[in-house]
Amino acid sequence: MIPTIFVTGGAGYVGAHCCKAFAAAGWNVVTYDNLSRGWRDFVQWGRLIEGDVRDSVRLTAALRDVRPDAVAHFAALAYVGESVGNPGHYYDVNTRGSLNLLQAMQASDIGRIVFSSTCATYGVPERLPVGEDTPQLPINPYGASKLMVERMLADFGHAHGLRSVALRYFNAAGADPDGEIGERHQPETHLIPLAIAAARPGDAQLTIFGDSFATPDGTCIRDYIHVADLATAHVLALRHLLAGGGSDVFNLGTETGTSVREVIAAVERVSGAPVRFETGPLREGDPPVLVASAAKARAQLGWKPQRSDIDSIMRDAWRWHLAEAKMRTGRT
């Protein structure tokens, strides 16, 4: 029997890349997305059901119609700055939407889920690299809204036997190596696409948010993980659950930090062009350093990043963004 995976948020950046990986694993894929921040043309692997995770009636009906073997849950808002300015929206979509999903799964007798969590649940970690046992003390509503979902997963597991894997990823980056999909947000707030835009012809300029962090070059440091490597981890996590494995949490990262200035240098190496940038004030809710320990995912899932060095990430991202720009302008 071929497993069916129900993917909330499967039209978004990470979700769409995971849908491709699920299909490549031989599974049936069904995407559930309201397309508010996802893209219809990213739904290339399996069918699309348009719907919002906050619509419990439609969500329950979709699950009962599809009767999936497992759920992969990506549907969420994911802008730290936006969450600080509009926390209610984040708790509504990320937390209440996830509660609706868990209740709909319970009502439909679906007992396996992989959850797209985040390193933002850790806040400013007390030690580096960040292990799964690091205290989770989020400093922004985005991280707090995701941590609440992790708690709900544990509680539904205790009360109803739900088996879950929460994947706390660090900074998703890059694009599909085949060039079919990539990183597209509206508005775009992520560093690598903005740095690429600032290296291309035009007047786009990157803003570095703070250069006085307690880091070697003064800019914040993040652990960038190729989106294709993230997709592989989701396949492994679903296989773990489909084989009868129990609930668990895993960090997904490279165990290597890259500063904002180092990202700029990588863009310049790949593009052969300078990145136009200016320095702005620090953003509220930005930890200076976030670097993962991924030892647990290696040991228990057999996961190891294959494309997550910064230059490979940048080459795939640069190639996709160039193709995307040509498509938008109608050039060949």
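Here the structure is shown first, and the text comes after it.
Residues numbered from 1 in each chain as written. Predicted model: local features only at pLDDT ≥ 70, side-chain atom pairs only at ≥ 80, totals over all residues. Heavy atoms only, no water.

Q: Can you break down the overall build of the chain residue by residue, with the values?
A: Check the secondary structure of the chain and you find ten helices and 14 strands. Against the globule reference of 20 Å for 332 residues, the chain gives a C-alpha radius of gyration of 19 Å, in line with a compact fold. The buried share of the chain, reckoned over its 332 residues, is 55%. Intrachain contacts of the chain at a sequence separation of at least 6 include 79% that bridge at least 24 residues. Taken as a whole, the chain presents about 13,800 Å² of accessible surface, with 51% of it coming from carbon and sulfur. (Helix = DSSP H or I, 4+ residues; strand = E, 2+ residues; numbered from the N terminus. Rg over C-alpha atoms; globule rule 2.2 N^0.38 Å. Buried < 20%, exposed > 50% of the residue type's maximum accessible area, 1.4 Å probe, protein only. Contact = heavy atoms within 4.5 Å. Areas by Shrake-Rupley, 256 points an atom, 1.4 Å probe, with all protein chains shown as cover.)

Q: So what about the pattern of salt bridges? Which residues, and what values?
A: This structure, assessed with the given rule, holds 20 salt bridges. The closest approach of N and O atoms between Asp178 and Lys20, which form a salt bridge, is 2.7 Å. Taken together, the residues Asp178 in the loop between strand 7 (171-173) and helix 6 (191-199) and Lys20 in helix 1 (residues 13-24) connect sequence positions 158 residues apart. When salt bridges that share partners are traced, they join Lys20, Asp176, Asp178 and Glu180 into one network. (Salt bridge = Lys/Arg side-chain N within 4 Å of Asp/Glu carboxyl O.)

Q: Lay out the packing of aromatic side chains in plain terms, naming residues and giving numbers.
A: In total, this model carries four aromatic pairs according to the counting rule given. Where Tyr90 meets Tyr142, the ring centres are 6.5 Å apart and the plane angle is 85 degrees; that geometry is what we call edge-to-face. Of this pair, Tyr90 sits in helix 4 (residues 87-107) while Tyr142 sits in helix 5 (residues 141-160), placing them 52 residues apart in sequence. For the pair Tyr90 and Tyr142, one class covers both residues: buried. (Phe/Tyr/Trp six-rings, centres within 6.5 Å; stacked < 30°, edge-to-face > 60°.)

Q: Go over the environment of Arg307, please, and point to the residues and values.
A: With respect to the helices and strands, Arg307 occurs in the loop between helix 9 (295-301) and helix 10 (310-329). Residue Arg307 is classed as partly exposed on the basis of its relative accessible area, which comes to 30%. Separated by 244 residues in the primary sequence, Arg307 and Leu63 place their C-alpha atoms 34 Å from one another. Other than its neighbours up to four places away in sequence, Arg307 contacts Pro177, His226, Asp229, Ser312, Ile313 and Asp316. A polar atom in the side chain of Arg307 sits 2.8 Å from the side chain of Asp316. (Polar contact = N/O pair within 3.5 Å; in protein donor to acceptor, adjacent residues only side chain to side chain.)

Q: Residue-level account of unusual backbone geometry, with values.
A: Omega for the bond connecting Leu128 with Pro129 falls within 30 degrees of zero, at -5 degrees, which places this linkage in the cis form. Among the secondary structure elements, Pro129 is positioned in the loop between strand 5 (112-118) and helix 5. Along the chain, Gln186 connects to Pro187 via a cis peptide bond; the corresponding omega equals 5 degrees. Along the chain, the position of Pro187 falls in the loop between strand 7 and helix 6. For Glu255, which is not glycine, the phi torsion reads 70 degrees and is therefore positive. Checked against the element boundaries, Glu255 lands in the loop between strand 11 (248-252) and strand 12 (258-259).

Q: Before we move on, could you go through the pairing of strand 6 (residues 163-169) and cite the residues and values that matter?
A: Along a regular strand, successive side chains alternate from one face of the sheet to the other. Along strand 6, six of the seven residues are buried, which leaves the element largely enclosed by surrounding structure. With seven bridges joining them, strand 5 and strand 6 adopt parallel strand pairing. By the bridge assignment for strand 6, Phe115 is matched with Ala166. Two elements, strand 6 and strand 11, share five bridges in a ladder whose sense is parallel. Note that in strand 11 the partner of Val165 across the bridge is Asp248. (Pairing = 2+ DSSP bridges.)

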